Amino acid sequence: SQQGEEDPQALSIQEGENATMNCSYKTSINNLQWYRQNSGRGLVHLILIRSNEREKHSGRLRVTLDTSKKSSSLLITASRAADTASYFCATDPAGGDKLIFGTGTRLQVFP
Amino acid sequence: GAGVSQSPSNKVTEKGKDVELRCDPISGHTALYWYRQSLGQGLEFLIYFQGNSAPDKSGLPSDRFSAERTGGSVSTLTIQRTQQEDSAVYLCASSFRGPGNTIYFGEGSWLTVV
């Protein structure tokens, strides 16, 4: 079963704008990761945030984690057309042994 | 190789035939995952191998699906008596030790059952 639900399901913005995607999950976690997928093929890891962290940055990416609300957000600043892809959150449930992926957000960035 | 390698990249098979999908993980990675993704959908967990432990098969959708991992390295996912609903991209991933670490995906095997 899906652990993570993401919203919005789809997001369209202009280049230069910021894109925010949200992920909600159901159980306690050890960490949460964000992945990117181009054209329905392999996923690429973007960033990992541990349960004792609240915010993490990597280049134009900013991830927040609120364990009390069981939610995370991914912010892409100053978006580019090349950011067009699907973005997935994945949780490592406490006591579990595998990553569980959310349903994904399809981001379209128009030049 | 440098990354996770999957073969075949694409497979078209007739309904009722058996198929085998292969995954060659990154050398030294003890954890190996199989996921399935239908068109436009999220990733559905299938099976997880970790070292010499018994695999977690809780995601396999039916007894037509099986997977093995030989020598702690290469894995084969077998689908027997394929059905049209089995059409999807099958993604393999590996990591060092487990889900607390970054997992690396292969490019997937796109299966079409006609």
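In case you missed it, the structure is sitting above this.
The rules behind the values
- Residues numbered from 1 in each chain as written.
- Chains lettered and ligands numbered in written order.
- Predicted model: local features only at pLDDT ≥ 70, side-chain atom pairs only at ≥ 80, totals over all residues.
- Heavy atoms only, no water.
- Contact = heavy atoms within 4.5 Å.
- Buried area = accessible area lost by both parts, 1.4 Å probe.
- Polar contact = N/O pair within 3.5 Å; in protein donor to acceptor, adjacent residues only side chain to side chain.
- Helix = DSSP H or I, 4+ residues; strand = E, 2+ residues; numbered from the N terminus.
- Nonpolar A, V, L, I, M, F, W, Y, C, P; charged D, E, K, R; others polar.
- Disulfide = S-S within 2.5 Å.
- Buried < 20%, exposed > 50% of the residue type's maximum accessible area, 1.4 Å probe, protein only.
- Pairing = 2+ DSSP bridges.
- Axes fitted to C-alpha atoms, helices over the stretch in contact; angles between N-to-C directions.
- Phe/Tyr/Trp six-rings, centres within 6.5 Å; stacked < 30°, edge-to-face > 60°.
- Core = buried A, V, L, I, M, F, W, Y, C linked by side-chain atoms within 4.5 Å.

**Brief notes about the interface of chain B and chain A**
Of the residues lining the interface, 25 residues belong to chain B; the matching set on chain A comes to 21 residues. With both chains or domains summed, chain B and chain A bury close to 1,700 Å², and 52% of this area falls on carbon and sulfur atoms. Applying the counting criterion to the chain B and chain A interface returns three residue pairs in polar contact (both at pLDDT 80 or more). Every element with two or more residues in the side of chain B that touches chain A is listed here: strand 4 (31-37), strand 5 (44-50) and strand 8 (88-95) of chain B. Examining the composition of the side of chain B that touches chain A, we find that three residues originate from one element, strand 4 of chain B, more than from any other. Of the residues contributing to the side of chain B that touches chain A, the split by class is eleven nonpolar, twelve polar and two charged.

**Digging into the state of the cysteines**
Taken as a whole and assessed by the stated rule, the structure comprises two disulfides over all chains. Here A:Cys23 is linked by a disulfide to A:Cys89, with a sulfur-sulfur distance of 2.0 Å. Its torsion about the S-S bond being 65°, the disulfide of A:Cys23 and A:Cys89 is classed as right-handed. One end of the pair, A:Cys23, is in strand 3 (residues 19-24); the other, A:Cys89, is in strand 9 (residues 85-93), and 66 residues separate them in sequence. There is no split in this pair, since A:Cys23 and A:Cys89 are both buried. Here B:Cys23 is linked by a disulfide to B:Cys92, with a sulfur-sulfur distance of 1.9 Å. Disulfide B:Cys23 to B:Cys92: torsion about the S-S bond roughly -65°, handedness left-handed. Highlighted residues: B:Cys23 in strand 3 (residues 19-24) and B:Cys92 in strand 8, separated in sequence by 69 residues. Like B:Cys23, the residue B:Cys92 is buried in the burial classification.

**Structural notes on the sheet that holds strand 7 (residues 61-66) of chain A**
All names here are of chain A. The five strands are arranged 1-3-8-7-6 in an open sheet whose pairing can be described as antiparallel. Taken across any chain shown, the strands that pair with only one partner, and hence form the sheet edges, are strand 1 (5-7) and strand 6 (55-58). Recorded for the sheet is a direction-independent mean angle of 15° between the axes of neighbouring strands. Note that strand 7 and strand 8 (residues 71-76) share six bridges and pair antiparallel.

**Structural notes on the side chain of A:Asn31**
Topologically, A:Asn31 is positioned in strand 4 (residues 29-37). Within the structure, the side chain of A:Asn31 is placed 3.3 Å from the side chain of A:Gln33, a separation counted as a polar contact.

**Looking at the environment of A:Gly96**
Within the secondary structure, A:Gly96 is located in the loop between strand 9 and strand 10 (100-101). Along the chain, A:Gly96 and A:Asn30 lie 66 residues apart, while their C-alpha atoms are 9.0 Å from each other.

**What about the packing of aromatic side chains?**
Here the structure, examined in full by the defined rule, presents eight aromatic pairs over all chains. Where A:Tyr35 meets B:Phe105, the ring centres are 5.8 Å apart and the plane angle is 80°; that geometry is what we call edge-to-face. Pair noted here: A:Tyr35 is in strand 4 and B:Phe105 is in strand 9 (residues 104-105), and the two residues belong to different chains. Since its relative accessible area comes to 0%, A:Tyr35 is described here as buried. B:Phe105 sits in the buried class, given a relative accessible area of 9%. Put simply, the rings of A:Tyr35, A:Phe101, B:Tyr33, B:Tyr35, B:Phe45, B:Tyr48 and B:Phe105 pair up and form one aromatic cluster.

**Digging into the nonpolar core**
Ranked by size, the top nonpolar core spans 21 residues in total, and within it A:Met21, A:Leu32, A:Trp34, A:Leu74, A:Ile76, A:Tyr87 and A:Leu107 carry the most contacts. If you list the elements that add at least two residues to this core, you get strand 2 (10-14), strand 3, strand 4, strand 5 (43-50), strand 7, strand 8, strand 9 and strand 11 (105-110) of chain A. Once you skip the residues sitting within four places of it in the chain, A:Leu32 turns out to touch A:Cys23, A:Tyr25, A:Ile47, A:Leu48, A:Ile49, A:Leu65, A:Ser72, A:Cys89, A:Ala90 and A:Thr91. Core analysis: the second largest hydrophobic core is formed by 20 residues, B:Cys23, B:Ile79, B:Ala88 and B:Cys92 among them.

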